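Fold and contact review
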Amino acid sequence: LAYFREDRSRMTMMAARKFDVPEQAVVEALLDDWPIVRLRPDAFRDLMEALPSLGTMRVFVRSRAAVIESVGTFGGFSETGPFFNVQTDTLDMHILHAEIGAIFAVEKMGHDSLFATHSFQFFDHAGNAAFKAFLWENFPEVPTPRIEAFRDLARRFSQP
């Protein structure tokens, strides 16, 4: 926690690498200090179906060697075998949803700005980030109704 007290804008991904722990462990360590909400394990499908209401989002997907960022809106949902599909003009994702082990709603300072970010972060069963979806409409001045809708979803799907 001292690592983030020195600089709240630090990236959880980089902290996980620095301390050689899964990124989920970093997020969990910040639960009492930051506005972070752990969502119910069974919330995946309902949350995904609610994401279109948040408008434009910036989605990050990464491996140990690369990061891809895409901006778009969620929708066009379908299922094929083990995949939960997102297919719109702006996002094309095929998510192995059985591999999602934890979901968090995270509010934190951006690593490259002085603005707060609001994201839903999805982790696999090993605690590695699967993908993150950030509010992006008019960023960094995300409209207040979008932030309120984000917080409402976090409350609605929070773990008891």
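Residues numbered from 1 in each chain as written. Predicted model: local features only at pLDDT ≥ 70, side-chain atom pairs only at ≥ 80, totals over all residues. Heavy atoms only, no water.

Strand order in this open sheet of 6 strands is β1-β7-β8-β9-β2-β3, and the pairing throughout is antiparallel. What marks the edges here is a single partner per strand, and that holds for β1 (36–38) and β3 (67–72). The mean inter-strand angle of the sheet, taken between neighbouring strand axes irrespective of direction, is 20°. As paired elements, β1 and strand β7 (residues 100–109) share 3 bridges and run antiparallel to each other. Paired with Arg38 across the bridge in β7 is Phe104. (Pairing = 2+ DSSP bridges. Helix = DSSP H or I, 4+ residues; strand = E, 2+ residues; numbered from the N terminus. Axes fitted to C-alpha atoms, helices over the stretch in contact; angles between N-to-C directions.)

A few words on the pattern of salt bridges. Opposite charge on two side chains permits them to pair, given that their charged atoms come into close proximity. Across all of its chains, the model carries 10 salt bridges by this definition. We note a salt bridge from Glu107 to Arg151, for which the minimum N-O separation is 2.8 Å. Within this pair, whereas Glu107 is found in strand β7, its partner Arg151 is found in helix α5 (residues 144–156), the two being separated by 44 residues in sequence. Under the relative-accessibility criterion, Glu107 is labelled buried at 14%. On the basis of relative accessible area, Arg151 is assigned to the partly exposed category, the value being 36%. Taken together, the salt bridges that share partners define one network made up of Glu23, Arg62 and Lys132. (Salt bridge = Lys/Arg side-chain N within 4 Å of Asp/Glu carboxyl O. Buried < 20%, exposed > 50% of the residue type's maximum accessible area, 1.4 Å probe, protein only.)

The next thing to look at is α5. Taking 1.5 Å per residue as the helical rise, α5 with its 13 residues ought to reach 18 Å, and the 18 Å between its terminal C-alpha atoms agrees with that figure. Listed in full, the buried residues belonging to α5 are Ile147, Phe150, Leu153 and Ala154. Along the axis of α5, the buried positions cluster into a sector of 120°, meaning they face one direction only. With respect to the buried face of α5, the exposed residues turned more than 90 degrees away are Pro145 and Arg155. Elements in contact with the buried residues of α5: β1, α4 (44–50), β7, β8 (116–124) and β9 (129–135). (Expected span 1.5 Å × (residues − 1). Arc of directions from axis to C-beta. Contact = heavy atoms within 4.5 Å.)

Let us look at the sheet that holds strand β5 (residues 83–87). One open sheet accounts for 3 strands, arranged β4-β5-β6; its pairing is antiparallel. Edge positions in the sheet fall to β4 (78–80) and β6 (92–96), since each of these pairs with one other strand and no more. Strand-to-strand twist of the sheet, defined as the mean angle between neighbouring strand axes without regard to direction, takes the value 30°. Two strands pair when backbone bridges link them, and β5 and β6 are joined in this way by 5 bridges, in the antiparallel orientation. Residue pairing in the sheet places Val86 in a bridge with Met93 of β6.

Take it as geometry only, folks, not as evidence of what the structure does.
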